[in-house]
Amino acid sequence: MNIILVLLPVAVGLGLLGLAAFLWSLKSGQFDDLEGAAWRAIMDDDEKPNRQPDA
Amino acid sequence: MSAVTSDFGAFVTPLEGGLKHLDLAVEGIHCAGCMRKIENGISALPGVTLARVNLTEKRLAVEWQGDSTSPAEIIGAMRALGFPAHPFDPGAERDLKREDRKLLRCLAVAGFATANIMLLSVSVWSGNATDINPETRALFHWVSALIALPAGLYAGRPFFESAFAAIKARSLNMDVPISVAVVLTLAASVMQTMRHEVHAYFDSALMLLFFLLIGRYLDQMMRRRTRAHAETLLALKGDSARRLDDDGIVRDVPLSALSPGDMVVVSAGERFPADGRVSIGTAEIDQSLVTGETDPVKAAPGQMVYAGALNLTGNIQVKVTAAGSGTLLDEINRLLERALEAKSKQLQLADRAAKLYAPVVHLLALAAFIGWLLLGADWHTALMIAVATLIITCPCALGLAIPAAQVVASGALFRAGLVLNTGTILERLAEVDTVVFDKTGTLTLPERGIINAGEVPAGVLARAAALAQASRHPLAQVVAQYAEPGSLPEEVIEHAGQGVWCAVDGEERRLGSSSFCGLDTDEMPSQRDPHASQICYIEGNRSYVFEIGQRLREDAAETISALKARGLRLEILSGDREEAVQSVATALAVNDWYAGLSPTEKIARLGRLKDAGRKVLMVGDGLNDAPALAAAHASLSPISAVHVSQAAADGLILGDRLGAVTAAYDTALKARAVMGQNLWLSALYNVIAVPIAVLGFVTPLIAALAMSGSSIIVTLNSLRARAHAPSTEKASAYPPAAVKEATS
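I will try to describe carefully the structure that is included in this document. Only a predicted model underlies this, so the values are computations on that prediction, with no experimental measurement involved.

So, about the sheet that holds strand 21 (residues 533-539) of chain B. All names here are of chain B. The antiparallel open sheet is built from 6 strands, whose spatial order is 17-22-21-20-19-18. Edge positions in the open sheet fall to strand 17 (449-450) and strand 18 (492-495), since each of these has one partner strand only. Alignment of strand 19 (residues 499-504) against strand 20 (residues 507-512), held across 6 bridges, turns out to be antiparallel. Bridge pairing in strand 20 links Val500 to Leu511.

Here you go:
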């Protein structure tokens, strides 16, 4: 059962990683314009992408 | 008026590093193509470091370095790209956005904690059924505690703060029992863990928070969407004033930047931005939004003019006497405040449920605790049973039941062309038994139009309208609304004060006064509405007379009869002349109508209806309606309404169609029914669950199943609130007239 001592921190750590990723994406404004983001994915633009506004 | 430059300085926010930021509300963005065109076009301007379109909100954020460009240049560039843009101040919205993110962060933390604790709990539950050893179980409980305590304290903040505020104000809201339940559950579970007991309730506490935060977030999202939409519309309406500063430069400033003593310039076709006294110039003004009176009035130096009145002719300068949020008569402001105060005392359904729910649940838990002690259980067992009672009666279903139904219903209404200021209006709307309409701008269209447009051949009207575009005369401007874009004839000669003339393919066309068109006054057809104005049009040897005045909204009659069919009583309260109101009332077959009412009299009439036990829905747009809108049980306002009325009303009708009123009533009835069912479902759930808890049969597994089960059932039921929502066809009048007007 000692494997639990390894698996528990791994499981919680992965969860925390997911949470951190979500909080980061929220902070960097990726949820501000859900409709626009969908379209941006298919814009074939060679020019440099625009920076996100600082909210 | 020599040096007229627009200055949008008040809308620009300076950032660090010499950067400047501007937010624009943009018209006509629909797709990725528009987005790309705008971003590339604006990025090409000198010094622009950021141009980012928000497609959801139809906004553009621009940042640039120092003085390399100016807001006027950016707006000019946008116009050249084919997207008229209007600067706006996102100040108020920023707060809502911050609130939004805070909730979303709490929701994410609660979701993370719930999932991870569940992982551990499921292991413990299955271990309990087989052969888990006490040490492993204790380890799992401790890890759960390690996750649950910080996560619970963080994610529970919205509830704790609100509960604390409520208790401080010596009242109870739904957040009080929620906070008590969460804190008690966490504390009891820690105690259980320390005693190496079999059961701990960390998962229940976090799941409770998770479900409730979903409800809270739905509610918040709806409010923000409504707000963003309203702000965009306001920006599109160009609610700024042209202020003449001491240096002789005219600057475009937001209304909030006006202060008494400022001089503002108002040209023909513009609305007065503030109350003030005319100092230079004379003009005819249309005060229908202010007083409901449709006849134009003369404004000369020294005379008071009020915010919202429309300048029909001539340039005038006005010295502001009341500005900012005080752009209306003091009396109206006072009445408005009093009416709003009375309204805030009305209890929402959720609060009423909380008032009933909280004491009952707490008493039950206490009774269970004392009961078990008296029956000889040790205090620890008794306490755990009391906590289980608190958990199982969790207000998840209650907390989700109402916001979910409101979000679904208002989403359906939004698509039907109606924006609600708050979700709670649905409850009040459903109780309505009387609908009171204002006439001018509500039953009739806000802008004047050609009354007899239907009797003139379409081609003739289009050609007359094309010619009319060449003139700035108010009557010609009305005719010009019917023009197709780009149809202006090449050579047009305007005879000032008489009319416009052009020749196309050797055929002479004239639009103007009867004498200009060579018509005798006795040749003119008799007028339908004695207060309408006439304008003549000659094409070759055929002559037409357009009658210009107030027109009923297209579906006014249809809406009135639909409302009647629903058993609602109807009334018209207007500040306009008796004959004008009478003709509308007759046309719509409304028997109860009152003309020439002042704002105070309108409120008095609503007061009498209220005393008679009637619940009134007020639909109005003018400044004179604002107090009545605030005083009514529920209220709606067309998007063309003045600022104050929009603020006082519970909802805004977006299109030109009144049908939204019927849609609102139907959807509110449906939503109300669904909310009621949800509350009953929650009650039923409690009736089954409470005895089980009080008798001490609840394990963490049962609590988790019962809680998520009840939440899912009410959420699914809430989806039915859209079942009978009106189809999207009704929204065909979108974008609203006000926006079209601002574009032209």
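Additional details are given in the paragraphs that follow.
On to the pairing of strand 25 (residues 616-619) of chain B, then. Residues and elements named next belong to chain B. What you see with strand 25 is no split at all: Val616 and Met618 on one side and Leu617 and Val619 on the other are buried throughout. Bridge count for strand 16 (residues 434-437) against strand 25 is 4 bridges, and the pairing is parallel. Opposite Phe437, over in strand 25, you have Val619 as the bridge partner. In the sheet, strand 25 pairs with strand 26 (residues 634-638) via 3 bridges, with the strands oriented parallel. Paired with Val619 across the bridge in strand 26 is Leu636.

All names here are of chain B. Scanning the model with the defined rule gives 21 salt bridges over all chains in all. Here Glu539 ties to Arg463 by a salt bridge, and the two come within 2.7 Å at their closest N and O atoms. Pair noted here: Glu539 is in strand 21 and Arg463 is in helix 15 (residues 458-468), with a separation of 76 residues, a long-range link. According to the relative accessible area criterion, Glu539 is buried, its value standing at 1%. For the salt bridge of Glu539 with Arg542, the shortest nitrogen-to-oxygen distance reads 3.3 Å.

Attention shifts here to unusual backbone geometry. Residue and element names in this part refer to chain B. Even without being glycine, His196 reaches a positive phi, approximately 55°. Structurally, His196 is set in the loop between helix 6 (175-194) and helix 7 (202-236). Look at His196 and you get exposed, because its relative accessible area is 53%.

End to end, helix 4 (residues 134-155) of chain B covers 30 Å across 22 residues, agreeing with the expected 32 Å (1.5 Å per residue, within 8%). Of all the bends found along helix 4 of chain B, the most pronounced is centred on Ala148 of chain B and spans about 25°, while Pro150 of chain B, a proline, follows it within four residues.

The extent of an interface is frequently quoted as the accessible surface area lost upon association of the parts. Taken together, the 30 residues of chain A in the interface contact 30 residues of chain B. Summing both sides of the interface, chain A and chain B together bury roughly 2800 Å²; the carbon and sulfur share of this comes to 60%. Between the two partners, chain A and chain B, sit 1 salt bridge. Measuring nitrogen to oxygen at the nearest pair gives 2.7 Å for the salt bridge that ties Arg40 of chain A to Glu39 of chain B. At the surface where chain A touches chain B, the tally comes to 3 residue pairs in polar contact (both at pLDDT 80 or more). Among the elements of the structure, helix 1 (3-27) and helix 2 (34-40) of chain A are those that each provide at least two residues to the side of chain A that touches chain B. With 12 residues, the single largest contributor to the side of chain A that touches chain B is helix 1 of chain A. Across the side of chain A that touches chain B, the residue classes break down as 16 nonpolar, 5 polar and 9 charged.

Turning next to the packing of helix 6 of chain B against helix 11 (residues 379-392) of chain B. Residue and element names in this part refer to chain B. Contact geometry for helix 6 and helix 11: axes closest at 10 Å, N-to-C directions at 145°. Crossing angle aside, the handedness with which helix 6 passes helix 11 is left-handed. For the pair formed by helix 6 and helix 11, the contact residues are Val180, Ala181, Leu184, Thr185, Ala188, Met191 and Gln192 on the first element and Trp379, His380, Leu383, Met384, Val387, Leu390 and Ile391 on the second. Split into classes, the residues belonging to the contact of helix 6 with helix 11 amount to 11 nonpolar, 3 polar and no charged.

To continue, consider the state of the cysteines. All names here are of chain B. A full pass over the atoms with the stated rule returns 0 disulfides over all chains. No disulfide involves Cys517; its nearest neighbouring cysteine sulfur is the one of Cys536, lying 5.1 Å away. Overall, Cys517 belongs to the buried group, its relative accessible area being 8%.

Within soluble globular proteins, side chains that are nonpolar tend to cluster in buried spots. All names here are of chain B. Counting residues in hydrophobic clusters, the biggest one holds 113 residues, and the most contacted among them are Leu206, Val435, Phe437, Leu617 and Leu636. Of the residues forming this core, the biggest block, 14 residues, is contributed by helix 3 (residues 91-129). Not counting residues up to four positions away in its chain, the partners in contact with Leu636 are Leu418, Ile425, Leu617, Met618, Val619, Gly620, Leu629, Ala649, Gly651, Ile653, Val661 and Ala664. Formed by 26 residues, the second largest nonpolar core is a distinct cluster that contains Val62, Ile74, Ile75 and Met78.

Residue and element names in this part refer to chain B. One open sheet accounts for 3 strands, arranged 11-10-13; its pairing is antiparallel. The open sheet has two edge strands, strand 11 (297-299) and strand 13 (310-311), and neither has a second partner. Here strand 10 (residues 283-286) pairs with strand 13 via 2 bridges, running antiparallel. Bridge pairing in strand 13 places Ile285 opposite Asn311.

Calculation rules
- Residues numbered from 1 in each chain as written.
- Chains lettered and ligands numbered in written order.
- Predicted model: local features only at pLDDT ≥ 70, side-chain atom pairs only at ≥ 80, totals over all residues.
- Heavy atoms only, no water.
- Pairing = 2+ DSSP bridges.
- Helix = DSSP H or I, 4+ residues; strand = E, 2+ residues; numbered from the N terminus.
- Buried < 20%, exposed > 50% of the residue type's maximum accessible area, 1.4 Å probe, protein only.
- Salt bridge = Lys/Arg side-chain N within 4 Å of Asp/Glu carboxyl O.
- Expected span 1.5 Å × (residues − 1).
- Bend = angle between axes of the 7 residues up to and from the residue.
- Contact = heavy atoms within 4.5 Å.
- Buried area = accessible area lost by both parts, 1.4 Å probe.
- Polar contact = N/O pair within 3.5 Å; in protein donor to acceptor, adjacent residues only side chain to side chain.
- Nonpolar A, V, L, I, M, F, W, Y, C, P; charged D, E, K, R; others polar.
- Axes fitted to C-alpha atoms, helices over the stretch in contact; angles between N-to-C directions.
- Left-handed = near helix turned anticlockwise from the far one by under 90°.
- Disulfide = S-S within 2.5 Å.
- Core = buried A, V, L, I, M, F, W, Y, C linked by side-chain atoms within 4.5 Å.

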